[in-house]
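# Results of the structural survey
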Amino acid sequence: MELYLDTADVSAVKRLARVLPLQGVTTNPSTLAKEGKPLWEVLPALRDALGGAGKLFTQVLANDAERIVSEAMMLTERISGVIIEIPATGEGLAAIKKLKTMNIPTLGTAVYGAGQGLLAAAAGAEYVSPYVDRMDAQGGNGIVVVRELQQLLALHVPGAKVLATSFRTPRQVLDCLLTGCQAVTLPVDVAEQFFNVPAVQAAVETFEQDWQAAFGALTLGQ
C-alpha cells in the first residue's frame, strides 16, 4: 500500500509524517490556492516536510495539450522528481502520451469512470486517480469504479496504479483498499480519524487513572 496526504498544508504534513508511513503528498490547484503562497515556495516546503524524500504530485492548469506539456516541462525543471497530475480529458490524454515519450511521469486525475481511467493509463500515466466520494455524491458508486479500474489495469496496463482520492470517511478508504487498490491519498481530517478515536482516548485515560490510584504515579517504577 502507498499512503499519501492530499494537502498543501506544510505544517500538517510535518505533523503527520512523524506518525504515518507516508510515501508522499498530492496537491491540486484548490489545495495550493488555499495556502495563498507561491507554488514555487510551497512545493519545496512540502518535500522538506517529508524529510527530503517521498513522491510529490502537482497539477497543471492548462487545458490544451500543447500548454499542458509546456507546464509539465516547467514543473519538472524547477521541482526535481515531481509527478505531473493531468485531468483525463481528450487534451489531457494527448498530453500524457507526449509526456510519456519525454520520460516525464504523470498521473491521470479527475477520473469518474473505469474506462476513462483505463485510457489514461494506456496513454502512459503511471497513476490514475478516481474521485471516490465525488462519484458517490453524483449518484454513482466510487468503490465499484475503483474495483473495475483496478481489474482493468491488472489485465491491460499492469505497470499503472490506481491512486484513489476524494474521501470523506475512513470507511471509504478501507473499502477502496479491500478492492485491491494499491495507493490512496487522504485529506488531513480523514487521515487523523484513523487514530484520533474518542473511545481509544477514553480507554487510555482509564488506564492512567487506575494506575495512578494504585501506585500514586504515572511511571512504571524501578
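What you see is a predicted model; the values in this text were computed from it and never measured.

## Section: the sheet that holds strand 4 (residues 83-87)
- Taken in spatial order, the eight strands line up as 1-2-3-4-5-6-7-8 and close into a barrel, and their pairing is parallel. If you compare each strand with its neighbour and ignore which way they point, the axes differ by 25° on average.

## Focus on the pattern of salt bridges
- For the structure shown, the criterion picks out five salt bridges.
- Between glutamate 2 and lysine 161 there is a salt bridge, with the nearest N and O atoms lying 2.4 Å from each other. In this pair, glutamate 2 is assigned in strand 1 (residues 2-6) and lysine 161 in strand 7 (residues 161-164), connecting sequence segments 159 residues apart.
- A relative accessible area of 10% means that glutamate 2 is categorised as buried.
- In this structure, aspartate 133 engages arginine 168 in a salt bridge whose closest nitrogen and oxygen atoms are separated by 3.3 Å. Taken as a pair, aspartate 133 in helix 7 (residues 132-137) and arginine 168 in the loop between strand 7 and helix 9 (170-178) lie far apart in primary sequence, 35 residues in all.
- Residue class for arginine 168 comes out exposed when judged on its relative accessible area of 54%.

## Section: the environment of valine 42
- Here valine 42 shows up in helix 3 (residues 39-49).
- Taking the relative accessible area as the measure of exposure, valine 42 reaches 3% and is therefore buried.
- Between the C-alpha atom of valine 42 and that of valine 10, which follows or precedes it by 32 residues, the distance is 7.5 Å.
- Apart from the residues within four sequence positions on either side, valine 42 is in contact with Ala8, Val10, Leu32 and Lys37.

## Focus on the packing of aromatic side chains
- Under the criterion given, the structure shown has four aromatic pairs.
- Ring centres 5.4 Å apart and planes at 80° place the aromatic pair phenylalanine 57 and tyrosine 127 in the edge-to-face group. Here the residue phenylalanine 57 occupies a position in strand 3 (residues 55-59), and tyrosine 127 occupies one in strand 6 (residues 127-130), the gap between them amounting to 70 residues.
- The buried category is assigned to phenylalanine 57, whose relative accessible area is 0%.
- Judged by relative accessible area, tyrosine 127 falls into the buried class, the value being 2%.
- Here tyrosine 112 and tyrosine 131 contribute two aromatic rings whose centre-to-centre distance is 5.4 Å and whose plane-to-plane angle is 70°, an arrangement assigned as edge-to-face.

## Some thoughts on the nonpolar core
- Counting residues in each nonpolar core, the largest one holds 59 residues, and the members touching the most others are Leu46, Ile84, Ile86, Leu153, Ala164, Phe167 and Val184.
- Excluding residues that lie within four positions of it along the chain, isoleucine 84 makes contacts with Thr58, Val60, Ala72, Leu75, Thr76, Ile104, Pro105, Thr106 and Leu107.
- Within the second largest apolar cluster, seven residues are counted, among which are Phe57, Ile83, Leu107 and Leu163.

## Topic: the state of the cysteines
- One pass over the structure, following the stated rule, counts zero disulfides.
- The structure places no disulfide on cysteine 176, whose sulfur is separated from the nearest cysteine sulfur, that of cysteine 181, by 4.7 Å.
- Exposure remark for cysteine 181: the relative accessible area of 6% places this residue in the buried category.

About the criteria used
Residues numbered from 1 in each chain as written. Predicted model: local features only at pLDDT ≥ 70, side-chain atom pairs only at ≥ 80, totals over all residues. Heavy atoms only, no water. Pairing = 2+ DSSP bridges. Helix = DSSP H or I, 4+ residues; strand = E, 2+ residues; numbered from the N terminus. Axes fitted to C-alpha atoms, helices over the stretch in contact; angles between N-to-C directions. Salt bridge = Lys/Arg side-chain N within 4 Å of Asp/Glu carboxyl O. Buried < 20%, exposed > 50% of the residue type's maximum accessible area, 1.4 Å probe, protein only. Contact = heavy atoms within 4.5 Å. Phe/Tyr/Trp six-rings, centres within 6.5 Å; stacked < 30°, edge-to-face > 60°. Core = buried A, V, L, I, M, F, W, Y, C linked by side-chain atoms within 4.5 Å. Disulfide = S-S within 2.5 Å.

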